Amino acid sequence: MRLALNQYTTKNWSLPEAVRGCVDAGLPAIGLWRDKVAETGLAESAKLVRDSGLAVSSLCRGGFLTAPDGAARAAALADNLRALEEAAELGTDTLVMVVGGLPETGPGQRSRDLPGARRRVAELIAELAPHAADFGVRMAIEPLHPMFCADRAVVSTLGQALDLAEQFPAEQVGVVVDSYHVWWDPELDRQIARAGAGGRIASYQTCDWILPLPADTLLGRGHVGDGCIDFRALTDQVTAAGYTGWIEVEIFNQEIWDTPGEQTLRTMIERHLTHVAAP
């Protein structure tokens, strides 16, 4: 089974609890988050996962690269260098990159210079790419749904992510196919094929688009099968593109977070086998 738990699907679990839950559920891999790793400590986290026998499917997250020149830009560069080092220490070759939204210009205010923000993303990816090669870690650019363009990611489509990634060797920069963020794109089938042809798919993440959207749209993800996405068609496209890596379930949903983790994993596995795994 290629199924992996993204750690934020069971957000209320500590890293030791998540590792134990995956082992008990028979899952082979876990996707880690840097804040959860920091709570346990990097060295202890790496040892814990290594001793458990779990693979690390990815590390979330690097990115937030849109700060203007100056101290904020230097801090973003330094943080992403640390993220690459952490990924290598944890034993994953994939660092998920959420590139950042429009930079803040004051309380409740943001820049309106969208082209400038995208240009700064490209510039910092170029600075980071040689370091990614040194660490043996690939930066995986994750396009986010356009409703997050202002505050989280100025890269909104798989095509945009590939336009960035293709400026660098495939082993340094790839892309994430996250069902929640890309399912709506009329160009999706063509862009998935393009990503596969270039060996650029670094991660495939699944969760469903559920309605009605909550007030906090970030928490509008549901279990596979509870919403609007045709996972059989999407998974067939990703498979046809040559992707054979981990399929990572990443759900942000308060009700699911409040559910006992063991129950969430049982549901996650059942839905994966029903809707995603090859029949």
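Preceding this paragraph is the structure being described.
To start, this report covers the structure provided alongside it. Quick caveat, the model's predicted, so the values are computed rather than measured.

Overview of the overall build of the chain
Working step 1: A count of helices and strands for the chain gives 11 helices and 12 strands.
Working step 2: The C-alpha atoms of the chain give 18 Å as radius of gyration, which agrees with the globular expectation for 279 residues (19 Å, within 12%).
Working step 3: Over its C-alpha atoms, taken along the principal directions, the chain stretches across nearly 45 × 45 × 40 Å.
Working step 4: Within the chain, the proportion of its 279 residues that are buried is 54%.

Details of the pattern of salt bridges
Working step 1: Scanning the entire structure with this criterion turns up 15 salt bridges.
Working step 2: The closest approach of N and O atoms between Arg-110 and Glu-104, which form a salt bridge, is 3.5 Å.
Working step 3: Under the relative-accessibility criterion, Arg-110 is labelled partly exposed at 32%.
Working step 4: Between Arg-190 and Glu-187 there is a salt bridge; the shortest N-O distance is 2.7 Å.
Working step 5: Residue classification places Glu-187 among the partly exposed residues on the basis of a relative accessible area of 35%.
Working step 6: A single salt-bridge network, built from bridges that share partners, covers Arg-34, Asp-79, Arg-82 and Glu-86.

A short note on the packing of aromatic side chains
Each pair of aromatic rings is reported with the distance of its centres and the angle of its planes.
Working step 1: Counted according to the given criterion, the structure contains seven aromatic pairs.
Working step 2: When the ring of Tyr-8 is compared with that of Trp-257, the centres are 6.5 Å apart and the planes differ by 85 degrees; the resulting orientation is edge-to-face. Taken together, the positions of Tyr-8 in the loop between β1 (3–6) and α1 (15–25) and Trp-257 in helix α10 (residues 254–257) put the pair 249 residues apart, joining distant regions of the chain. With respect to burial, Tyr-8 and Trp-257 carry one shared label: buried.
Working step 3: A network of ring pairs unites the aromatic residues Tyr-8, Trp-33, Phe-252 and Trp-257 as a single cluster.
Working step 4: Cation over ring: Arg-221 sits above Phe-252, and NZ or CZ is 4.8 Å from the ring centre.

Things to note about unusual backbone geometry
Working step 1: With omega at -10 degrees, the peptide bond leading from Cys-60 into Arg-61 counts as cis.
Working step 2: Going from Leu-211 to Pro-212, the amide bond is cis rather than trans, its omega being -5 degrees.
Working step 3: Although it is not a glycine, Phe-64 adopts a positive phi angle of roughly 55 degrees.

Brief notes about empty space enclosed by the protein
Working step 1: With the rule as written, the count across this model stands at one cavity of 30 Å³ or more.
Working step 2: Of the pockets and cavities examined, the largest cavity occupies roughly 30 Å³.
Working step 3: Taken together, His-223, Val-224, Val-249, Ile-251, Met-268, Arg-271 and His-272 make up the lining of the largest cavity.
Working step 4: With three residues, helix α11 (residues 261–275) is the largest single contributor of residues to the lining of the largest cavity.
Working step 5: Here the lining of the largest cavity is built from residues that sort into four nonpolar, two polar and one charged.

Points about the packing of helix α8 (residues 188–197) against helix α9 (residues 231–240)
Working step 1: Two numbers describe how α8 lies on α9: the axes approach to 8 Å, and their chain directions differ by 30 degrees. Relative to α9, α8 is oriented roughly parallel. The element α8 and its partner α9 pack so that their crossing is right-handed. Together, Leu-188, Asp-189 and Ile-192 of α8 and Leu-234, Gln-237 and Val-238 of α9 make up the contact between the two elements.
Working step 2: Taken together, the residues of the contact of α8 with α9 break down into four nonpolar, one polar and one charged.

A few points about the side chain of Ser-58
Working step 1: If you trace the backbone, Ser-58 turns up in strand β3 (residues 55–63).
Working step 2: A polar contact of 2.9 Å, which involves the side chain of Ser-58, links it to the side chain of Glu-248.
Working step 3: If near-sequence neighbours (up to four positions away) are discounted, Ser-58 is found in contact with Ile-30, Gly-31, Leu-32, Thr-92, Thr-94, Val-96 and Glu-248.

Concerning the sheet that holds β3
Working step 1: Here we have eight strands rolled up into a closed barrel, ordered β1-β2-β3-β4-β7-β8-β9-β12, and parallel in their pairing. Neighbour-to-neighbour, the strand axes of this sheet turn through a mean angle of 30 degrees, independent of strand direction.
Working step 2: With three bridges connecting them, strand β7 (residues 138–141) and strand β8 (residues 173–178) associate as parallel partners. Counted as the bridge partner of Ile-141 is Val-175 from β8.
Working step 3: Each of β8 and β9 (201–206) touches α9; the most contacted strand, β9, lies at about 170 degrees to it.
Working step 4: Each of β1 and β12 (247–249) is contacted by α11, which is oriented at about 140 degrees to β1, the strand it contacts most.

Reading guide: rules and limits
- Residues numbered from 1 in each chain as written.
- Predicted model: local features only at pLDDT ≥ 70, side-chain atom pairs only at ≥ 80, totals over all residues.
- Heavy atoms only, no water.
- Helix = DSSP H or I, 4+ residues; strand = E, 2+ residues; numbered from the N terminus.
- Rg over C-alpha atoms; globule rule 2.2 N^0.38 Å.
- Buried < 20%, exposed > 50% of the residue type's maximum accessible area, 1.4 Å probe, protein only.
- Salt bridge = Lys/Arg side-chain N within 4 Å of Asp/Glu carboxyl O.
- Phe/Tyr/Trp six-rings, centres within 6.5 Å; stacked < 30°, edge-to-face > 60°.
- Lys NZ or Arg CZ within 6 Å of the ring centre and 35° of its normal.
- 1 Å grid on protein atoms, 1.4 Å probe; cavity = no way out; pocket = protein on both sides within 12 Å on 5 of 7 lines; lining within 4 Å.
- Points joined across faces, edges and corners; volume = space filled by probe spheres on them.
- Nonpolar A, V, L, I, M, F, W, Y, C, P; charged D, E, K, R; others polar.
- Axes fitted to C-alpha atoms, helices over the stretch in contact; angles between N-to-C directions.
- Parallel < 35°, antiparallel > 145°, perpendicular 65-115°, else oblique.
- Left-handed = near helix turned anticlockwise from the far one by under 90°.
- Contact = heavy atoms within 4.5 Å.
- Polar contact = N/O pair within 3.5 Å; in protein donor to acceptor, adjacent residues only side chain to side chain.
- Pairing = 2+ DSSP bridges.

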